[in-house]
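Chain and residue survey
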Amino acid sequence: MALSQLLYVSQTRLDWSPDELAVLVARAQARNAQDGLTGLLLYGRGHFLQLLEGRRQPLLNTFNRIVLDIRHRDVDVLLDGPIVRRTFDGWAMGLLDVTRGGDLDRERFDRIIRAFTPGTGPVADNALAVRLLQEFRAHAAEDSPSTLPDLT
Ligand code: FAD
């Protein structure tokens, strides 16, 4: 089964509380589980960074809804392409609230945001972003397993 991944960054229009983020992610998880989508949502510094992975059509349908969501703006696709295997297998949508994380989380998040120039479209070399997201995953799994749904 052919799989794709899509990574975008956006600017939030709201100052999200932990409870509001939890509601957003719980709804996303329920819908993504039905659609066979997995990924990670990072929130902090006025930005969302989200990686979605799964079959192409459900992924695009979901992304098209996300783009239209008035709770954020300036959705900028950073990566979009085929993958061999999922990075976040079993996570219908993990959440990492960087505003509540440690310095290491914030530093990693800033590195991802800084690594891309808004408005330039998909980047050819996705190695840095994927490596940083994998670091986030490993770090989050160690420190805050309660934020990570285990849907395997
Ligand atoms: P509806 O539920 O009918 O909502 C229509 C519009 O109303 C939305 O676009 C939004 O602008 C607004 N809205 C919806 N709920 C609220 C609310 N509680 N408060 C204020 N305004 C609201 N959905 C997924 O299925 N999977 C994801 O992985 C996912 N990730 C997201 C990541 C981010 C950063 C954001 C902001 C949203 C995400 N969503 C995700 C939600 C997605 O944008 C849609 O709102 C959702 O999929 C429902 O789509 P719908 O067409 O049924 O919209």
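What counts, and where the lines are drawn
Residues numbered from 1 in each chain as written. Predicted model: local features only at pLDDT ≥ 70, side-chain atom pairs only at ≥ 80, totals over all residues. Heavy atoms only, no water. Salt bridge = Lys/Arg side-chain N within 4 Å of Asp/Glu carboxyl O. Helix = DSSP H or I, 4+ residues; strand = E, 2+ residues; numbered from the N terminus. Buried < 20%, exposed > 50% of the residue type's maximum accessible area, 1.4 Å probe, protein only. Pairing = 2+ DSSP bridges.

**Points about the pattern of salt bridges**
Pairing is possible between side chains that carry opposite charge, provided their charged atoms lie close to one another. Throughout the structure, instances matching the rule amount to four salt bridges. With a closest N to O distance of 3.0 Å, Arg-45 and Asp-110 form a salt bridge. Taken as a pair, Arg-45 in the loop between strand S2 (38-44) and strand S3 (47-54) and Asp-110 in helix H3 (residues 103-114) lie far apart in primary sequence, 65 residues in all.

**Quick look at the pairing of S3**
Within a regular beta strand, the side chains point alternately toward one face of the sheet and then the other, so they alternate between its two faces. Most of S3 sits inside the fold, with eight of its eight residues counted as buried. Here S3 shows a buried face lined by His-47, Leu-49, Leu-51 and Glu-53 and a second buried face lined by Phe-48, Gln-50, Leu-52 and Gly-54. Relative to S3, strand S1 (residues 3-12) runs antiparallel, the two sharing eight bridges. Along S3, the bridge assignment pairs Leu-7 with Leu-51. Of the pairings in the sheet, the one linking S2 to S3 comprises seven bridges and is antiparallel in character. Considered in S3, the bridge of Gly-39 is made with Leu-52. Where S2 folds back onto S3 in an antiparallel hairpin, the turn is made up of two residues, including Arg-45, whose phi is positive at roughly 55°.

Interpretation in functional terms is not warranted from these geometric data alone.
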